[in-house]
Amino acid sequence: MIPVTKTFLPPQEEFQELISRIWKNQWLTNNGELYKEFRKKLQSFLNVDFVIPTTNGTLPLQIALNAFGNCGEVITTPFSYVATTSSIVWEKCTPVFVDIHKDYLTIDETKIEAAITPKTTAILATHVYGNACNLEVLEKIAKKHSLKLIYDAAHCFGVTYKGNSIFNYGDVSTCSFHATKLFHSGEGGALFCKNKEIEKELWFRHNFGHNGPEKFHGLGINAKMSELQAAMGLSVLPYVNFIIEERKKVCDFYDVSLNFNVLRRQKIREGLKWNYAYYPIIFKNESTLIEVKQKMEENNIFARRYFFPSLEKLPYIKTSLCPIAEHISTSVLCLPVYVGLQENDLVQITSIINSCLNNYGA
Ligand SMILES: *Cc1c(COP(=O)(O)O)cnc(C)c1O
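Residue positions are counted from 1 within each chain, in the order its sequence is given. Local features are withheld for residues below a pLDDT of 70 in this predicted model, meaning they are given only at 70 or higher, and side-chain atom pairs are given and counted only at 80 or more; totals for whole chains, interfaces and linings count all residues. With hydrogens and water set aside, each side-chain value is computed from the structure's full complement of heavy atoms.

1. Side note on the overall build of the protein
Reasoning step 1: In this text, helices come from DSSP runs of H or I with a minimum length of four residues, and strands from runs of E with a minimum of two, each type numbered from the N-terminal end. Tallying secondary structure elements over the protein gives eleven helices and twelve strands in all.
Reasoning step 2: The atom set for the radius of gyration is the C-alpha atoms, and the globule formula is 2.2 Å times the number of residues raised to the power 0.38. At 21 Å, the protein has a C-alpha radius of gyration in line with the 21 Å of a compact globule built from 362 residues.
Reasoning step 3: If one aligns the C-alpha atoms of the protein with their principal axes, the spans along those axes are about 70 × 55 × 35 Å.
Reasoning step 4: For the protein, the residues scored as buried account for 55% of the 362 residues in total. Type-normalised accessible area, obtained with a 1.4 Å probe on protein chains alone, sets the label of each residue: buried when under 20%, exposed when over 50%, and partly exposed for intermediate values.

Structure, rendered in structure tokens:
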């Protein structure tokens, strides 16, 4: 069986060595030794100013929206994972969908200003499959209209833009360290920001609002990362460059083997050092996608429709029209990418896809 992704697991001894420190310290969570070490290593590996590791990649979105959304309208993309939209709704803000760019697949910055109203408080945009939004233009729009800029950078571990970590953009960026992501701590995630004041606000919120054992700064939730998660994160971190290189090999193989006369790929933004987090291919229409996916499944190969459906189709959203996102979400398929995917598997995957495309005329 070839799944769409396979979690990278470090050598077990290396994980166990870290775990034994938990027994030695008799400390399981709440800013423990492994957590602190993980936080510091992340900061230097990623070259970011402020990072707060969290228990997953969704709570950081909710915390950022809680800090900045102010129950107003939040301009966002329909082409993302459900957590981007559900977090807005969960924080009692109103999502306002702006359609995406057909090549970059990120929010279409030229359509944002038309969606701004006096109630708009923030922009929450996703760097799709690790590809950056138009960072410069989004920043300009946010500044001009005094909006907070939040990036869902769940896919972006290791991505840089013009040599700078992508997590350094926006007022707050978030990441996911879920087991299906490029870098993981089992479950996990992080908040990133550029100044001490914002970091303080985020830190309080991720720890119940505690300011010492008996004092509270304000409203908070529990988004703390445990020592067990930090141990997993610490044991995977030394392998990140290897993981990215191995994924690159897979993506390179697809690049030269698939029939791009009939398929197309997402356009990667200039200046971006991408991390090969996903390999989405875009078909001309949904029916071809379904045929190909089915054929692959008959051969025990499991690609994933991601992101599907377009988020403005969620049952708790009042419909707004985003024709490009809708079209892309019905015609995009993410192919298997993971460390250990063999060349003969890749040959099989690409030949199934190409022969389907020939048969159905795409
Ligand atoms: C995975 C993902 C999330 C959620 O992260 P979790 O760690 O699973 O909570 C949010 N946004 C995007 C775009 C994601 O891919």
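So, next bit.
2. Regarding the side chain of Arg269
Reasoning step 1: Mapped onto the elements of the fold, Arg269 is located in the loop between α8 (240–257) and β10 (272–273).
Reasoning step 2: One buried charge, Arg269, has no salt-bridge partner; the nearest side chain with opposite charge is Glu109, at 4.6 Å.
Reasoning step 3: Within the structure, Arg269 has its side chain in polar contact with the side chain of Thr106 (distance 3.1 Å).
Reasoning step 4: Here, two residues are considered to be in contact whenever any of their heavy atoms come within 4.5 Å of each other. If we ignore the near neighbours within four places in the chain, the residues touching Arg269 are Tyr104, Thr106, Asn131, Ala132, Cys133 and Asn134. In summary, the charge assignment counts Lys and Arg as positive and Asp and Glu as negative, without counting His or the chain termini. A side-chain nitrogen of Lys or Arg and a carboxyl oxygen of Asp or Glu constitute a salt bridge if their distance falls within 4 Å. N or O atoms closer than or at 3.5 Å make up a polar contact, with two conditions inside protein: a donor-capable atom paired with an acceptor-capable one, and, for residues adjacent in sequence, both atoms drawn from side chains.

3. Regarding the site of the ligand
Reasoning step 1: The cutoff for a nearby residue is simple: one of its non-hydrogen atoms must lie within 4 Å of the molecule or strand. The local shell around the ligand holds 14 residues, among which Thr58, Asp152, His155, Ser176 and Lys181 are the closest.
Reasoning step 2: Within the backbone of Gly57, an N or O atom sits 2.7 Å from an oxygen atom of the ligand.
Reasoning step 3: Separating an oxygen atom of the ligand from a side-chain N or O atom of His155 is a distance of 2.7 Å.
Reasoning step 4: Look at the ligand: alone it shows 380 Å² of surface, and the protein chains cover 93% of it. Throughout, the Shrake-Rupley method with a 1.4 Å probe supplies accessible areas, and for residues the shown protein chains are the sole cover considered.

4. Points about the state of the cysteines
What we call a disulfide is simply a covalent bond connecting the sulfur atoms of a pair of cysteines.
Reasoning step 1: For this text, the term disulfide refers to a pair of cysteine sulfurs within 2.5 Å. Following the criterion strictly, the structure yields zero disulfides and no others.
Reasoning step 2: Residue Cys334 stays outside any disulfide, its sulfur separated by 10 Å from that of Cys251, the closest cysteine.
Reasoning step 3: Cys334 supplies the cysteine sulfur nearest to Cys356, a cysteine that is in no disulfide, at a spacing of 18 Å.
Reasoning step 4: On the accessibility criterion, Cys356 (2% relative accessible area) is buried.

5. A look at the domain arrangement of the protein
Reasoning step 1: For the protein, the assigned domains are domain 1 (12–238) and domain 2 (240–360).
Reasoning step 2: One C-alpha centre belongs to domain 1, the other to domain 2; they are set 25 Å apart.
Reasoning step 3: Listed as interface residues are 43 residues of domain 1 and, on the opposing side, 38 residues of domain 2.
Reasoning step 4: Buried surface at the junction of domain 1 and domain 2, both sides included, amounts to about 3,500 Å², of which 63% is carbon and sulfur.
Reasoning step 5: Buried area is understood as the total, over both parts, of accessible area removed when two parts are fitted together, assessed with a 1.4 Å probe. Looking only at domain 1, the three residues that lose the most surface to domain 2 are Tyr104, Tyr129 and Leu182, adding up to 22% of its buried area.
Reasoning step 6: For the pair domain 1 and domain 2, the interface holds one salt bridge.
Reasoning step 7: Scanning the region where domain 1 abuts domain 2 turns up 20 residue pairs in polar contact (both at pLDDT 80 or more). Domain extents, as shown, originate in an automatic or database domain assignment.

6. Points about the UniProt feature "modified residue: N6-(pyridoxal phosphate)lysine" (unreviewed entry) in the protein
Reasoning step 1: UniProt positions are given in the numbering used here, feature names are shortened, and annotations may be inferred rather than shown by experiment. Under the UniProt annotation, "modified residue: N6-(pyridoxal phosphate)lysine" (unreviewed entry) lies at Lys181.
Reasoning step 2: Those residues in contact with Lys181 that sit more than four places away from it in its chain are Ala154, His155, Ser176, Tyr278 and Tyr306.

7. Some thoughts on the sheet that holds strand β8 (residues 172–176)
Reasoning step 1: Two strands are counted as paired when DSSP detects at least two bridges linking them. Ordered in space as β1-β9-β8-β5-β4-β2-β3, the seven strands form an open sheet in which the pairing is mixed. At either margin of the open sheet sits one strand with a lone partner, and together these are β1 (50–54) and β3 (94–97). Ignoring strand direction, the axes of neighbouring strands in this sheet form an average angle of 25 degrees.
Reasoning step 2: Axis lines are fitted through C-alpha atoms, for helices just across the contact stretch, and the angle between N-to-C directions can take any value from 0 to 180 degrees. Sheet strands in contact with helix α4 (residues 82–90) are β2 (73–76), β3, β4 (120–126) and β5 (148–152), and its direction is about 140 degrees off that of β3.
Reasoning step 3: Seen against the sheet, helix α6 (residues 196–206) touches β1, β8 and β9 (189–193) and runs at an angle of roughly 10 degrees to β1.

8. Description of the environment of Tyr254
Reasoning step 1: You can see Tyr254 is positioned in helix α8.
Reasoning step 2: In this structure the C-alpha to C-alpha distance between Tyr254 and Tyr279, which are 25 residues apart in sequence, comes to 8.4 Å.
Reasoning step 3: Aside from chain neighbours lying at most four places away, what touches Tyr254 is Phe260, Tyr279, Leu335, Pro336, Val337, Leu341, Leu346, Ile349 and Thr350.

9. Observations concerning the pairing of β4
Reasoning step 1: Among the seven residues in β4, seven count as buried, and that is most of the element.
Reasoning step 2: Looking at chain direction, β2 and β4 are connected through four bridges and run parallel. Paired with Ile75 across the two strands is Ile123, which belongs to β4.
Reasoning step 3: In the sheet, β4 pairs with β5 via five bridges, with the strands oriented parallel. By the bridge assignment for β5, Ala125 is matched with Tyr151.
Reasoning step 4: When the strands point away from the viewer and the path from the first strand over the helix to the second turns clockwise, the crossover is right-handed. On the question of chirality, the crossover connecting β4 to the parallel β5 by way of helix α5 (residues 135–144) is right-handed.

10. A look at the sheet that holds strand β6 (residues 160–161)
Reasoning step 1: With antiparallel pairing, the three strands of this open sheet are ordered in space as β7-β6-β10. Looking at the sheet topology across the chains shown, the edges are occupied by β7 (164–165) and β10.
Reasoning step 2: Sheet analysis places β6 next to β10, joined by two bridges and oriented antiparallel. Bridge pairing in β10 places Tyr161 opposite Leu272.

11. Brief notes about the packing of helix α2 (residues 33–46) against helix α7 (residues 227–236)
Reasoning step 1: At a minimum axis separation of 8 Å, α2 and α7 run at an interaxial angle of 40 degrees. Considered as vectors, α2 and α7 are oriented oblique to each other. Every pair of crossing elements has a handedness; the one defined by α2 and α7 is left-handed. Between α2 and α7, the contacting residues are Glu33, Leu34, Tyr35, Glu37, Phe38 and Lys41 on the first element and Glu227, Ala230, Ala231, Gly233 and Leu234 on the second.
Reasoning step 2: Residues are grouped as follows: Ala, Val, Leu, Ile, Met, Phe, Trp, Tyr, Cys and Pro are nonpolar; Asp, Glu, Lys and Arg are charged; all remaining types, including Gly, are polar. Its residues assigned to classes, the contact of α2 with α7 shows six nonpolar, one polar and four charged. Roughly parallel covers angles under 35 degrees, roughly antiparallel covers those over 145, roughly perpendicular covers 65 to 115, and oblique covers all other angles. For a crossing to be left-handed, the near helix must be turned anticlockwise from the far one by less than a right angle; the clockwise case is right-handed.

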